Structures are given as C-alpha cells and as structure tokens.
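# Structural features, examined
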Amino acid sequence: MILYLTVAAGTVLLACMINNRPVLQPYRVTRQQMCNRICLLAVFLILFALSACRHDVGNDYARYVSFMHLTYCNAYVPTEVGFNLLTKVIYTVSGFENYLLVFAVFSFVTIFLFILAIYEQSDDFPMTFFLFMALGYYFQTFNTVRYYLALAIALYSMKFVIRRQWGRFVLLVLLGSLFHKSMIVVMPLFFLASIEWKKWQLMLAGLFCITFLFFQDFYLKAVLFLYPTYENTEYLEGGTSYINIMRCAAVLALSLIYYKKSIQGSRRLRFYFYLNLGALALYVFCSFLPIISRIGYYLTISHILFLPALLKEVGNEKLRKFLKLGMILAALLYLAKFMGRAYDDNMRILPYRSFMFDDMLDTKWMGNWMAD
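Our subject in this report is the structure included herewith.

The rules behind these values
Residues numbered from 1 in each chain as written. Predicted model: local features only at pLDDT ≥ 70, side-chain atom pairs only at ≥ 80, totals over all residues. Heavy atoms only, no water. Helix = DSSP H or I, 4+ residues; strand = E, 2+ residues; numbered from the N terminus. Buried < 20%, exposed > 50% of the residue type's maximum accessible area, 1.4 Å probe, protein only. Contact = heavy atoms within 4.5 Å. Disulfide = S-S within 2.5 Å. Core = buried A, V, L, I, M, F, W, Y, C linked by side-chain atoms within 4.5 Å. Phe/Tyr/Trp six-rings, centres within 6.5 Å; stacked < 30°, edge-to-face > 60°. Lys NZ or Arg CZ within 6 Å of the ring centre and 35° of its normal.

Let's shift gears to the environment of Asn-346. Turning to its location among the elements, Asn-346 is positioned in the loop between helix H18 (317–340) and helix H19 (362–371). In sequence terms Asn-346 and His-69 are 277 residues apart; their C-alpha atoms lie 23 Å from each other.

Put into structure tokens, the structure is as follows:
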C-alpha cells in the first residue's frame, strides 16, 4: 500500500506542475510547454511501469493468462475478437506465450488514453488527475484490463460527442467494443446525454425508468440475449453501490445550483450533467441488472472532468476553495476505503508483486485451469 500511495502522491505532485491551457508563443516552445512535456512523460512512465511490471496482481490475472493460452491454442474463449487477435499476434511474434507483454500493451494504451483525455478535455489538469487517482480508476486498471481499456476509449470519445463528430465517435466505440462488448451501450447513452432535454421529456424518461422496477424479468431476458454467457453465473446477481449513488446525488445537487447560470447554455457541461443524471437513474432503478456498475462507470468517469469544470463556475473565491477542499477530502476518504478493500478476493491489487521478483510458475496456473 505504501508503494501505491507513494506513486499516487508523486504523480499528483507532478500533475500540479502541468498547465494544460498554456499561453502559446509563435515559433517557439515556452517554458510551461516544456514543463508540461517533461511532467506528462514522467507521470506516464511511472504509472505505466507500475502497471506493466506487475505479476499476479488483480483478481482476474490468472484467468486472463488462461484465456490467452486457450486463444493461442485456438480453443473457445468468451473474450472478444480484439483481445484474442492481439494475444495471438504478440504470442506469435514473441515465439512463446508472452502474457507479460500482452498486459504491458494493455497498460500502455489504457494509461496513455486516460492521460491524453485528461490533458485535452480537463479545465484543471491537476484536479482532474487527482480525482482519477483518488477515485481508484488507475488502480482498477489492474483488474479487468479489457474493460478499462474500453473505459479509457469512452472517456477520450467524449470530446467527439461534444463536438458532434459522430463518425469519429462511432468508430471509437466500435473499436472499443472489439475488446469489451459492453462498450456498445456507450453509443445510445452518450447520444441521449448529448440531447437538450425538455422538462416533459425528462418526465417521460422518469416514467420509463420506473418500468425497470416492475418488469425486471423482461429486462433480464433482454440482457441475456445480448450476453448469453452470463446465464447461470454470479454475474446475474446484480447489485448497486450506495457510495456511487451518494456521489452522483452530490454532483447533481451541486450542478443544479449552477444549472441555469452555466450548464444550460453549455453543450459540454450539459452533456456531463446528463451523464451524471443517467448514472444516478441506473444505480437507483437498474440495480438488478448484471454488473450495472460497469455500465455506470462509463457515465461516472465524466465526474473527473465535470467537477473541475463546475468549480470554475463558482464566482465566490472563498466558496470555490471550500468546495474544492470538500471534493479533495471526499476523494481521499474514498481512496482510503478503496485501499482498505485492496486485499479482498474480488480486487486483489494488494500485495503488489513484480515479475522481476516473482517466481510463480505458469504450469501451476495451467494445472489449476485444467483441474477446474
């Protein structure tokens, strides 16, 4: 845990030196631009190194290695074509089952896209990056590597929704779905969040949400049609997060204060507002659906962009500092709770192990897989 907290603190300090809205000078690189490049590279290398050098860290690490082995042997696996193809290419080029390189490639692309999206889209890079680390998004990339690659693509694609560049957005979603098919839900959800909703339309949407409470069997059958591998598995248990509900409700309460002043007339802020509102509706009305948190994360990842943008709209400097301090403290409390569960079987990001100091044998994993 000391390693994780040190990395988090160190990268946040580096992020504090980054200004992603620097004053540009014609025909020359300014000191701030050079500082940005050095600090961004340092942040990326630190996060990438920690992720790429891990070994048997994450609740599904061994299962992914087994999937890669079966893919290489042309056996059936439930993973998507993008993951399978990437594994085969890397294994073939390497000449052996180089699963470490597969994890490293996923780490490289995922972290690069997250940092790029934050740098290009945030109003306050240090604050957004702090939220990215404190809310556990980076550490969660050690689990479900396919999903968090898709989540990074979803965050990066938001700028195309705001700009109404639908072709690029659709292409990115389709690309992400090659690695995690759940990303398909981003297409309708992001489109709905981009609409300027009228009050009567919101009322109809609210009535539609209520139907989830009365027709759960119907919606479960629809989900099983899309994801038949979930049938008779633990994924059908559903469940929601009260912490996420409270977080979405708090963001909604704050945004409603500045809705007429700042959000209503801004396509970007309105998009973030409806993403948060949609996430709240999902967590409240659709808790019975399988892994609803994964769908919700596609929406709540926007918080790391929305909250710094909202802070800019607070005219009173003392109030702005007070709200910022409150957000920082709340995020740190979330990080403390998150790290308190890091040893749990459903997370297993602690203890941290590196392949440079770990002699765990692949044959043990293969034996366990065949035994199952």
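There's more to say after this.
Okay, the side chain of Ser-302 next. By the element assignment, Ser-302 lies in the loop between helix H16 (292–300) and helix H17 (303–312). Accessibility expressed as a relative area gives 0% for Ser-302, which makes it buried. If we ignore the near neighbours within four places in the chain, the residues touching Ser-302 are Met-158, Tyr-272 and Leu-275.

This part is about the state of the cysteines. Evaluation of the coordinates by the stated rule reveals 0 disulfides. Free of any disulfide, Cys-248 has its nearest neighbouring cysteine sulfur in Cys-286, separated by 13 Å.

Further remarks concern the nonpolar core. Phe-139, Phe-190 and Ile-304 are the most contacted members of the largest nonpolar core, which has 117 residues in total. Considering every element that reaches this core, the biggest residue donor is helix H8 (residues 145–162), with 15 residues. Those residues within four positions of Ile-304 in sequence are excluded, and the remaining contacts are Ile-118, Thr-128, Leu-131, Phe-132, Leu-135, Tyr-137 and Leu-155.

All told, the structure shown has 37 aromatic pairs when counted by the stated rule. Measuring from centroid to centroid gives 5.5 Å for Phe-48 and Phe-108, while their planes differ by 90°, and the two rings are edge-to-face. One end of the pair, Phe-48, is in helix H2 (residues 31–52); the other, Phe-108, is in helix H5 (residues 99–121), and 60 residues separate them in sequence. For the pair Trp-166 and Phe-191, a centre-to-centre distance of 5.7 Å together with 65° between the ring planes defines the contact as edge-to-face. Taken together, the residues span a long stretch of sequence, with Trp-166 in helix H9 (residues 166–177) and Phe-191 in helix H10 (residues 186–193) at a distance of 25 residues. Classification of Trp-166 as partly exposed rests on a relative accessible area of 27%. By relative accessible area, Phe-191 is classed as partly exposed at 42%. A cation over an aromatic ring shows up here: Arg-294 above the ring of Tyr-147, its NZ or CZ 5.7 Å from the ring centre.

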